[in-house]
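Listed here are the chains, written in short residue letters.
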Amino acid sequence: MNSLHRDAIVADAHNDLLMLVARRPKAVWSSYFRERWIPQLRAGGIDVQVLPVFIDDEFRPEGALRETLRMIEAAHRIAEGNADEVALCTAPGDIAAANSAGKIALVLALEGCPQIDNDLELFQTLQRLGVRMVSFTHFGRSALGDGSGEDATGGRLTLAGVEAVGLLEELGVLIDVSHVGRRGVEHILELARKPIVASHSSAFALREHHRNLTDEQLRAIAATGGVICVNFFAGFLTAEKPTIEHLADHLEYVVDVAGADHAGFGSDFVAEVFDEKIPACDKPLIIQGLDASVYVPGLEGPAGMPLITDALQRRGMPEATLRKVLGANLTALLSTVA
């Protein structure tokens, strides 16, 4: 592993591995995580890992809250069963303590809010259980606002969404604008009084897809003191055959536009999730017009993280900037809530 990568704090704002943990019998949650995921996270040099809770369509709407609680319970059990390797971080100072002890810091997030609907009091319930980051939507429409797949409607936040911004800031939970529609992102930026995060979004100027952020949005997120975590998903990086250089382009671009203090990683690793969950008859899986089976070579999972450091070093990114992008920026922001 690259010596700088090994020495730096490396943080990832979005890996859906919790979906695969929760699919298994509860008796093996801890051992599966130890055997399958700790080696990958260690190989990638990852010190801080955000675990999003994403609820598949099969659980919506009636089973959304139940599946959310199962996934949160799974996160607690993998932390308890692997306490020598990881720690679930729920209060300011926890991440620093975990990393000082040589452990991987885990942070819980919600991706979309089907389990909330209009019952905003459940945000406090989930905050008590450890959730420290929340995005309001996925591709479609939620009770809180429109996802980026609904951009043609011009929708902003609903009244419940407006109320949720203030409530989450009061609870000490980060607001995540990835997947929120363009007008909804603007609305959140108008309302936000604390830093916000884009957990897995790339640059629209380099790849015109609705999941990516415009220069204006990049600058506005930075102005809150927030962090834009670049998505590694190939379809959001380029329309060409993807390479590590396309990802490096997006990372450099976000640094140039938003500033060195406001860029990070939001991997969105989905190769194992799709391989396990999607039957052969449904492949190739096309998501928002993109072939989900196309990945940046070497970045199918977290073990490939050092490749990014290599690529950015080859381009001459200053070490101080590179350390920020690798994880110092995201870790500093997450440490305000965990």
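Everything here concerns the structure above.
Residues numbered from 1 in each chain as written. Predicted model: local features only at pLDDT ≥ 70, side-chain atom pairs only at ≥ 80, totals over all residues. Heavy atoms only, no water.

Q: Help me out: how do you make sense of the packing of helix 9 (residues 215–223) against helix 11 (residues 244–258) in this one?
A: Each pair of packed helices can be summarised by the angle the axes make with each other and by the distance between the axes. Taken N-terminus to C-terminus, the directions of helix 9 and helix 11 make an angle of 65 degrees; their axes are 9 Å apart at the nearest point. The hand of the helix 9/helix 11 crossing is right-handed. Two secondary-structure elements touch here, helix 9 through Asp215, Leu218, Arg219 and Ala222 and helix 11 through Tyr253, Val254, Val257 and Ala258. Classifying every residue of the contact of helix 9 with helix 11 by side-chain character gives six nonpolar, no polar and two charged. (Axes fitted to C-alpha atoms, helices over the stretch in contact; angles between N-to-C directions. Helix = DSSP H or I, 4+ residues; strand = E, 2+ residues; numbered from the N terminus. Left-handed = near helix turned anticlockwise from the far one by under 90°. Contact = heavy atoms within 4.5 Å. Nonpolar A, V, L, I, M, F, W, Y, C, P; charged D, E, K, R; others polar.)

Q: How should I be thinking about the pairing of strand 2 (residues 48–53) in this particular structure?
A: Looking along a regular strand, one sees side chains alternate from face to face of the sheet. Burial runs high along strand 2: six of the six residues are buried. Alternating positions in strand 2 separate into two faces, Val48, Val50 and Pro52 on one and Gln49, Leu51 and Val53 on the other, with burial throughout. By the bridge criterion, two bridges tie strand 1 (residues 11–12) to strand 2 in an arrangement that is parallel. Its bridge partner lying in strand 2, Asp12 is registered against Gln49. (Buried < 20%, exposed > 50% of the residue type's maximum accessible area, 1.4 Å probe, protein only. Pairing = 2+ DSSP bridges.)

Q: When you look at a nonpolar patch on the surface in this model, what are you seeing that I'm missing?
A: Nonpolar side chains collect at one region of the surface, where Leu65, Leu69 and Leu129 lie side by side and expose about 200 Å² of accessible area between them. Summarising the element assignment, Leu129 is placed in the loop between helix 6 (121–128) and strand 5 (131–135). A relative accessible area of 32% places Leu129 in the partly exposed class. (Patch = residues over 30% accessible without salt bridge, like charges linked within 9 Å, V, L, I, M, F, W, Y side chains within 5 Å. Areas by Shrake-Rupley, 256 points an atom, 1.4 Å probe, with all protein chains shown as cover. Salt bridge = Lys/Arg side-chain N within 4 Å of Asp/Glu carboxyl O.)

Q: Help me understand the nonpolar core in this model?
A: Taken as a class, soluble globular proteins show a tendency for nonpolar side chains to be buried jointly. By size, the foremost hydrophobic cluster in this structure holds 102 residues, and its most contacted members are Leu18, Phe33, Phe123 and Ile308. No other element matches the nine residues that helix 11 contributes to this core. In contact with Leu18, not counting residues within four places along its chain, are Leu51, Pro52, Val53, Met71, Ala74, Ala75, Ile78 and Leu108. Formed by 20 residues, the second largest nonpolar core is a distinct cluster that contains Met133, Leu333, Leu334 and Ala338. (Core = buried A, V, L, I, M, F, W, Y, C linked by side-chain atoms within 4.5 Å.)

Q: I keep staring at unusual backbone geometry and nothing clicks. Help me out?
A: Trans is the common state for peptide bonds, and a negative phi is the common state for residues other than glycine. Located in the positive-phi region is His179, a residue other than glycine, with phi close to 85 degrees. Tracing the chain through its elements places His179 in the loop between strand 6 (174–176) and helix 8 (182–191). The class for His179 is buried, based on a relative accessible area of 4%. The phi torsion at Asp268 lies on the positive side, around 60 degrees, for a residue other than glycine. Inspection of the secondary structure puts Asp268 in the loop between strand 9 (263–266) and helix 12 (271–277).

Q: Before we go on, may I ask you to explain the side chain of Ser202 in this structure?
A: Along the chain, Ser202 turns up in the loop between strand 7 (197–198) and helix 9. On the accessibility criterion, Ser202 (0% relative accessible area) is buried. Dropping the residues within four chain positions of it, Ser202 is found in contact with Arg211, Asn212, Leu213, Val230, Asn231, Phe236, Leu237 and His250.

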